[in-house]
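Next come the chains, spelled out residue by residue.
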Amino acid sequence: MNALTNKVKQVNRKPLTFMERLYLPAIFKGMMITFSHIFKKKPTINYPEKQRPFSPVFRGLQILNRDEEGRENCTACGLCAVACPAEAITMEAAERMPGEEHLYKEEKYAAKYEINMLRCIFCGLCEEACPKDAIYLSETFTPADYQRKQFIYSKNDLLIPHPTENPEAYSKALGNRPKRETIN
Amino acid sequence: MMLLTIDIGLVIEKLILIVVVISASLVIAMYTTFAERKVAAILQDRRGPNRAGPFGLLQPLADGLKLFFKEEIIPNFSSKFLFILGPALAMMTAMMTSAVIPWGNKIELFGRNINLQIADINIGILYVFGVVSLGVYGIMIGSWASNNKFSLLGGLRAASQIISYELAMGISMIALLMVTGTLSLKEMVVQQQAGHWNVIYQPLGFLIFLICAFAECNRTPFDLPEAENELIGGYHTEYSSMKLGFFLFAEYINMFISSVIMATLFFGGYDMPFVNESLLSPNIAALVGIAALMAKAICFIFLFMWVRWTIPRFRYDQLMHLGWRILIPLALFNMLVTGGVILYFK
């Protein structure tokens, strides 16, 4: 009679032969297998010295962008906070005063901008929602910390370094990913 | 009165030799723990410890330091003296065996002929067996003194295993003794230097001895006394800190010593194959001999580890079955055949 699935395997229940009962040839065979593993390439990399490259679409820690003169792009419109499925972003808007034109690009700016990195799921929807090119997901990930409150990143933690005052750190924070086409 | 004169030079010479041998076997056992982890890693396509020092070479020091800094717990209900005596005995018996091993031939230093063997007693191999049997006491006393049922059961398990395999080991030894006609390890080496290695005359005896040595050292596939990934730990369940370290370390010393003994009994000891030692100057010959013995011992240690990371451990009834119903009859058969062959060629 055929079994329903035809996947039945007949188990060999023959008593062991003398060679098999000697047990030593099998052990020797097994030892040869383990010995051959000495010459295999190890998949492990020495982590802190060597790091695996991220893929170009890697979504890491957020950065708040500045323009070429170092002015903050963010206008605190709140679209990122609305788009955020994890509700990780909060912000408070403020009006730019005269004499602050070198700090903020437009008349309105974010006085407070916080992302809770424990809530964030790094989906990148904030990056897609932003009309001002102000928020990007970078190529680093959130470092470990000892306290929960340390994971609420404020504007100071998120802002990209100043492009004219600290050009090296700025270009490093920009990363080497191809820049996305912005829709104007 | 001349009978009572003691050669002070001899005493100093022996003392220095003891210190050198003990510290060398400690250092080798220390690096065996490192090698174990490294070999395990390599056989499993991992990298193994490589953070402490260059290539992780300081890892055993870090391990030892960790054990020293761990909290030392002596259970309230244990008998304190025996609790401490257990690991001390295990360590002591592990190191006492090295006394009769010929590490090399004579060397000449400061106009003295120094024998590279602490004590060339004519019953060397019996002494080894005696001391190895004493090793059970360390385990038994330690497990009993813990006043813990699991420890006691673990101790019983270890003791019955060691005792069962000692029998087969002893009988396989008898066949070798019939071939060599001597109990002195030094003489055995001298004979093998002149003729062939004993493993050629006693291949089955060597196999039995090897299996029993695995069991005596509590190594996989016979590591039921500890069985770290199935049981809570066996006889050293209640032990912590360096006292646990002593138990584990004693096992590694045992492994080294039994490797050396197997090399001495069956593989020519300090005999370097294809080299005629008598043509070299005695000091160089001794160094070559020590190197040869160490190389053989390291091969055996690697074999111990290689087997450990290849085969799973026996079930307890399989262990007893193998010991009593296979190895002992096999050893007896080997003894009988050896005796018959010797009688025939006489």
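The structure under discussion appears in the preceding block.
Residues numbered from 1 in each chain as written. Chains lettered and ligands numbered in written order. Predicted model: local features only at pLDDT ≥ 70, side-chain atom pairs only at ≥ 80, totals over all residues.

If you tally the helices and strands in chain A, you get six helices and five strands. Traced from its N-terminal end to its C-terminal end, chain A shows the element sequence α-α-β-α-β-β-α-β-β-α-α. Radius of gyration (C-alpha) of chain A: 29 Å, far over the 16 Å computed for a compact globule of 184 residues. Oriented by its inertia axes, the alpha-carbon framework of chain A measures out at about 95 × 45 × 35 Å. Counting the 184 residues in chain A, one finds 16% classified as buried. Within chain A, counting contacts between residues at least 6 apart in sequence, those at least 24 apart form 72% of the total. (Helix = DSSP H or I, 4+ residues; strand = E, 2+ residues; numbered from the N terminus. Rg over C-alpha atoms; globule rule 2.2 N^0.38 Å. Buried ≥ 20, exposed ≤ 12 C-beta atoms within 10 Å, placed from the backbone. Contact = placed C-beta atoms within 7 Å.)

Counting secondary structure elements, chain B contains 11 helices and two strands. Secondary structure elements of chain B, listed N to C terminal, follow the sequence α-α-α-β-β-α-α-α-α-α-α-α-α. Taking 346 residues into account, the globule formula puts the C-alpha radius of gyration at 20 Å, and chain B, at 21 Å, falls close to it. In terms of its C-alpha atoms, chain B occupies a principal-axis envelope of roughly 60 × 55 × 50 Å. In chain B, which comprises 346 residues, the share counted as buried stands at 40%.

On to the nonpolar core, then. Core analysis: the biggest nonpolar cluster contains 78 residues, and A168, C212 and F256 of chain B have the highest contact counts within it. Sort the elements by how many residues they give to this core and helix α9 (residues 241-266) of chain B lands first, with 16 residues. Look past the residues within four positions of C212 of chain B in its chain and what remains in contact with it is Y165, A168, M169 and L327 of chain B. Y104, I115, C120 and C130 of chain A belong to the second largest nonpolar core, which has 22 residues in total. (Core = buried A, V, L, I, M, F, W, Y, C linked by C-beta atoms within 7 Å.)

Size of an interface: often given as the accessible area lost when the parts come together. With 10 residues of chain A in contact, the opposing surface of chain B contributes 11 residues. Of the residues belonging to the side of chain A that touches chain B, the class tally is four nonpolar, four polar and two charged. (Nonpolar A, V, L, I, M, F, W, Y, C, P; charged D, E, K, R; others polar.)

Residues and elements named next belong to chain B. Between T220 and the following residue, P221, the backbone shows a cis peptide bond with an omega angle of 0°. Considering the arrangement of structural elements, one finds P221 in the loop between α8 (203-216) and α9. In this structure, D45 takes a positive phi of about 60° despite not being glycine. Within the fold, D45 resides in the loop between α1 (8-43) and α2 (59-69). A positive phi angle, near 55°, is found at N147, a position not held by glycine.

This part takes up the packing of α8 of chain B against α9 of chain B. All names here are of chain B. Across the interface, α8 lies against α9 with an axial gap of 11 Å and an inter-helix angle of 170°. In terms of their interaxial angle, α8 and α9 are classed as roughly antiparallel. Contacts between α8 and α9 involve F206, F209, L210, A213 and E216 from the first element and S258, M262 and F266 from the second. (Axes fitted to C-alpha atoms, helices over the stretch in contact; angles between N-to-C directions. Parallel < 35°, antiparallel > 145°, perpendicular 65-115°, else oblique.)

Further remarks concern the packing of α1 of chain B against helix α10 (residues 282-308) of chain B. Residue and element names in this part refer to chain B. Contact pair α1 / α10: the axes reach a minimum separation of 10 Å and the direction vectors enclose 50°. Regarding the angle of α1 to α10, the classification is oblique. The element α1 and its partner α10 pack so that their crossing is right-handed. Residues T32, A35, E36, V39 and A40 of α1 pack against I301, F302 and M305 of α10. Per-class residue counts for the contact of α1 with α10 are six nonpolar, one polar and one charged. (Left-handed = near helix turned anticlockwise from the far one by under 90°.)

This paragraph deals with the sheet that holds strand β2 (residues 89-95) of chain A. Residue and element names in this part refer to chain A. The three strands lie next to each other as β2-β3-β5, forming an open sheet whose pairing is antiparallel. The strands lining the two open edges of the sheet, one partner per strand, are β2 and β5 (152-153). Here strand β3 (residues 108-116) pairs with β5 via two bridges, running antiparallel. Bridging across to β5, N116 finds its partner in I152. (Pairing = 2+ DSSP bridges.)

Summarising the sheet, β2 of chain A and β3 of chain A pair through seven bridges and their orientation is antiparallel. When the bridges of β3 of chain A are listed, M91 of chain A appears paired with Y113 of chain A.

The subject of this paragraph is the environment of A119 of chain B. Residues and elements named next belong to chain B. Tracing the sequence through the fold places A119 in the loop between β2 (112-114) and α4 (124-145). Along the primary structure A119 and K186 are separated by 67 residues, whereas in three dimensions their C-alpha atoms are 9.8 Å apart. Aside from chain neighbours lying at most four places away, what touches A119 is A99 and V100.

Turning to the environment of P161 of chain A, a few remarks are in order. All names here are of chain A. Within the element layout of this structure, P161 appears in the loop between α5 (155-158) and α6 (167-174). Given 17 C-beta atoms within 10 Å, P161 falls into the partly exposed group. On a C-alpha basis, the gap between P161 and H102 in space is 15 Å, while along the polypeptide they are 59 residues apart. Residues in contact with P161, not counting those within four places in the same chain, are N166, A169, Y170 and A173.

All right, on to α1 of chain B then. The terminal C-alpha atoms of α1 of chain B lie 51 Å apart, and with 36 residues this matches the ideal 52 Å at 1.5 Å per residue to within 8%. Within α1 of chain B, the full set of buried residues consists of S25, I28, A29, T32, F34, K38, V39 and L43 of chain B. Each element contacted by the buried residues of α1 of chain B is listed here: α2 (24-36) of chain A together with α2, α3 (80-96), α9 and α10 of chain B. Looking one or two places after α1 of chain B, you find D45 of chain B, whose phi comes out positive at around 60°. (Expected span 1.5 Å × (residues − 1).)

Moving on, we get to the environment of Y239 of chain B. Residue and element names in this part refer to chain B. Secondary-structure assignment places Y239 in the loop between α8 and α9. Residue Y239 is classed as buried on the basis of its C-beta count, with 25 C-beta atoms lying within 10 Å. With 165 residues separating them along the chain, Y239 and I74 place their C-alpha atoms 7.5 Å apart. Those residues in contact with Y239, other than ones at most four positions away along the chain, are P87, L244 and F247.

Let us look at α2 of chain A. For α2 of chain A, built from 13 residues, the straight-helix expectation of 18 Å at 1.5 Å per residue is met to within 8% by its first-to-last C-alpha distance of 18 Å. Burial analysis of α2 of chain A places just zero of its 13 residues in the buried class, a small minority of the element.

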